[in-house]
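Inside the fold
Chain residues, written in single-letter form:
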Amino acid sequence: MPQQLGTKRRYSGPHTPRRAQGRGSRAAHSPVRNEAYFQTLYTTPPSFQRLGQQNPSLAALLNGTHLDFTHPSALPRLTSALLSSDFGISITLSANRLCPPVPNRHNYILWLKALLDSSGASYADTYEAERRVDGLDIGTGASLIYPLLGCAQRQNWRFVATDTDALSLEGARANQGLNKWLGGRIRIEDRGRVETPLIPLDELGIEKLDFAMTNPPFYTSEAELLGLAAQKKEAPPTACTGAPVEMVCEGGEVGFVGRMIGESLALKGRVQWYTAMLGKQSSLEALIDILKKHKINNYAVTTFIQGSRTRRWGLAWSFLSRRPSVEACRGVSSIAKTLLPPVTEVTIYEGAMQNQDPSDPVLRLTKMLHDTLTSLDLRQWTWDEHRLRGVGFSQGNVWSRAYRRKKAREASASASLPDTDISACSFGFSLSILAETPDTPHSRPVLLRWLQGDDESLFEAFAGVIRRCLRKDDLKSS
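Overview of the structure.

Calculation criteria
- Residues numbered from 1 in each chain as written.
- Predicted model: local features only at pLDDT ≥ 70, side-chain atom pairs only at ≥ 80, totals over all residues.
- Heavy atoms only, no water.
- Helix = DSSP H or I, 4+ residues; strand = E, 2+ residues; numbered from the N terminus.
- Buried < 20%, exposed > 50% of the residue type's maximum accessible area, 1.4 Å probe, protein only.
- Contact = heavy atoms within 4.5 Å.
- Pairing = 2+ DSSP bridges.
- Axes fitted to C-alpha atoms, helices over the stretch in contact; angles between N-to-C directions.
- Patch = residues over 30% accessible without salt bridge, like charges linked within 9 Å, V, L, I, M, F, W, Y side chains within 5 Å.
- Areas by Shrake-Rupley, 256 points an atom, 1.4 Å probe, with all protein chains shown as cover.
- Salt bridge = Lys/Arg side-chain N within 4 Å of Asp/Glu carboxyl O.
- Lys, Arg positive; Asp, Glu negative; His and termini not counted.
- Charge placed at Lys NZ, Arg CZ, Asp CG, Glu CD.
- Phe/Tyr/Trp six-rings, centres within 6.5 Å; stacked < 30°, edge-to-face > 60°.
- Lys NZ or Arg CZ within 6 Å of the ring centre and 35° of its normal.
- Polar contact = N/O pair within 3.5 Å; in protein donor to acceptor, adjacent residues only side chain to side chain.

1. A closer look at the overall build of the protein
Within the protein, the secondary structure is distributed over 15 helices and 15 strands. Across the 478 residues in the protein, those meeting the buried criterion constitute 54%. Counting only contacts in the protein whose residues sit at least 6 apart along the sequence, the fraction spanning at least 24 positions is 76%.

2. Section: the sheet that holds strand E5 (residues 186–190)
In a beta sheet, neighbouring strands pair by backbone hydrogen bonds and run either parallel or antiparallel. Here we have 8 strands laid out as an open sheet, ordered E5-E4-E3-E6-E7-E9-E8-E10, and mixed in their pairing. Only two strands of the sheet have a single neighbouring strand rather than two, namely E5 and strand E10 (330–331). As judged from the 3 bridges shared by strand E6 (residues 209–214) and strand E7 (residues 271–278), these two strands associate in the parallel manner. Across the sheet, Leu-209 pairs through a bridge with Val-271, a residue of E7. The sheet contacts of helix H5 (residues 102–117) involve strand E3 (133–138), strand E4 (157–163), E6, E7, strand E8 (299–306) and strand E9 (310–317), and relative to E7 the element is tilted by about 155 degrees. Of the strands in this sheet, E3, E6, E7 and E9 touch helix H10 (residues 252–267), which is tilted by about 175 degrees from E7.

3. Considerations on a negative patch on the surface
On the surface, Asp-454, Asp-455, Glu-456 and Glu-460 cluster together into a negatively charged patch. Here Asp-455 shows up in the loop between strand E15 (443–452) and helix H15 (456–476). For Asp-455, a relative accessible area of 36% translates into the label partly exposed.

4. Looking at the pattern of salt bridges
Counted under the stated rule, the structure contains 14 salt bridges. The partner of Asp-165 in a salt bridge is Arg-97, and the shortest N-O contact between them spans 3.0 Å. Within this pair, whereas Asp-165 is found in the loop between E4 and helix H7 (166–178), its partner Arg-97 is found in the loop between helix H4 (74–87) and H5, the two being separated by 68 residues in sequence. In this pair, the class of Asp-165 matches that of Arg-97, namely buried. The partner of Arg-187 in a salt bridge is Glu-189, and the shortest N-O contact between them spans 2.8 Å.

5. Remarks on the packing of aromatic side chains
All told, the structure shown has 22 aromatic pairs when counted by the stated rule. Ring geometry for Tyr-274 against Trp-317: centres 5.6 Å apart, planes inclined by 15 degrees, an arrangement best described as stacked. You can see Tyr-274 sitting in strand E7 and its partner Trp-317 sitting in strand E9, a full 43 residues away along the chain. The burial state of Tyr-274 is the same as that of Trp-317; both residues are buried. Site record: aromatic cluster; members linked through ring pairs are Trp-381, Trp-383, Trp-399, Phe-427, Phe-429 and Phe-462. Sitting over the ring of Tyr-127, Arg-154 keeps its end group 3.7 Å from the ring centre. One residue, Arg-323, lies across the ring of Trp-450, its end atom 4.3 Å from the ring centre.

6. Topic: unusual backbone geometry
Despite not being glycine, Tyr-123 has its phi angle at roughly 60 degrees, a positive value. Inspection of the secondary structure puts Tyr-123 in the loop between H5 and E3. The backbone of Asp-125 shows a phi angle near 60 degrees, a positive value even though the residue is not glycine. By the secondary structure assignment, Asp-125 is in the loop between H5 and E3.

7. A closer look at the environment of Thr-43
Mapped onto the elements of the fold, Thr-43 is located in the loop between helix H1 (35–40) and helix H2 (48–54). A residue is classified by how much of its surface remains accessible, and Thr-43, at 35% relative accessible area, is partly exposed. Along the sequence, Thr-43 and Pro-103 sit 60 residues apart, while their C-alpha atoms lie 9.5 Å from each other. Side-chain polar atoms of Thr-43 contact the backbone oxygen of Thr-40, separated by 2.8 Å.

Rendered as structure tokens:
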């Protein structure tokens, strides 16, 4: 089972937003940091003592290494300190709007990066620094937290941030102005008319987006909000100051994201990934059922874990056929397997070293793969010697006996295949010879990745072809 995004990003502070007061420390610019830095950020709890040394207003609330979260300014001061220290972001937090927990919001951005990096149009299945990415943040809030975090981590990311609440828009514009390093990469739009689309591409003059994201209102009504709060056995460690406009909407989060799904059925591939963060697993399950009802089978789920108690869930769906990695799409272990999206990768072989020269298994496996794949009527097959990774595309099942017999009967069987746009191919894949690991010191795993297509049976059948191919190699070396 792949690691769930955020499972190690545990956070020692309380999870409920507090009264937000004051202005965070100002960072002159967002420092350039590598991907490894952001991936490992918050894998251990932040040091309050270190943050206090950098932020006097936070230090005033520290008792040694302990932060007094009962103080109404504790969480907003901590949020400001984390954003300044860890991302180079300056922020002002409104007293009567939600104060976002930074690690939780950061995990959403990490998941978006994993989705986009593993399903890009180049099929590189990795981060491409030069790639421009355009996203929409629906209901950005007064903090503007998601666009700020995204732009701080990826220099070529741009956002359109929308909201319907005047005070939230005022706060978002103020926070945009505090971060001059943005250079115009965030566009804030007032969507105050309630009945307007959540994803208003035409009204905003946008042809396509790489993603849309939202952290929707959780409750169906103010009565539900107050009722659930009254049912809690213990008082929360901090007081929530979120306004009803941020926390309540018709139908709650299921209604809100259901509305997104409805709009996506018309927009389809104009947005590559439609995504949402959810507060209840039951909401995730209900929304997956809606996707399945509409026969959307390219979707992704994940779990965001903050601290020891708080869980959130991520849901994404796409009408394009480019498939994300298992890490990005199957990061939930607590739901029924029938609700999980299709598996998109499998380790199909581990070849024995048998005291041979370390380079020999790689050469042998490369040749076996090359010989098998060049014998098929693939539309494209390329091998990257540096990455030990090949990428191929086919128009359907070209390895079956039926297909081979048909080709043998055709007079044009030896003719070259017509040029085909690989993005239109019904099946795309990659094969990678992986490095040895401490657990497998004498073997080289081979990873098959499903990169493109709507037919899971093609992926499963092709995996069988590669297994049989490499099983022959196993017999030769035994």
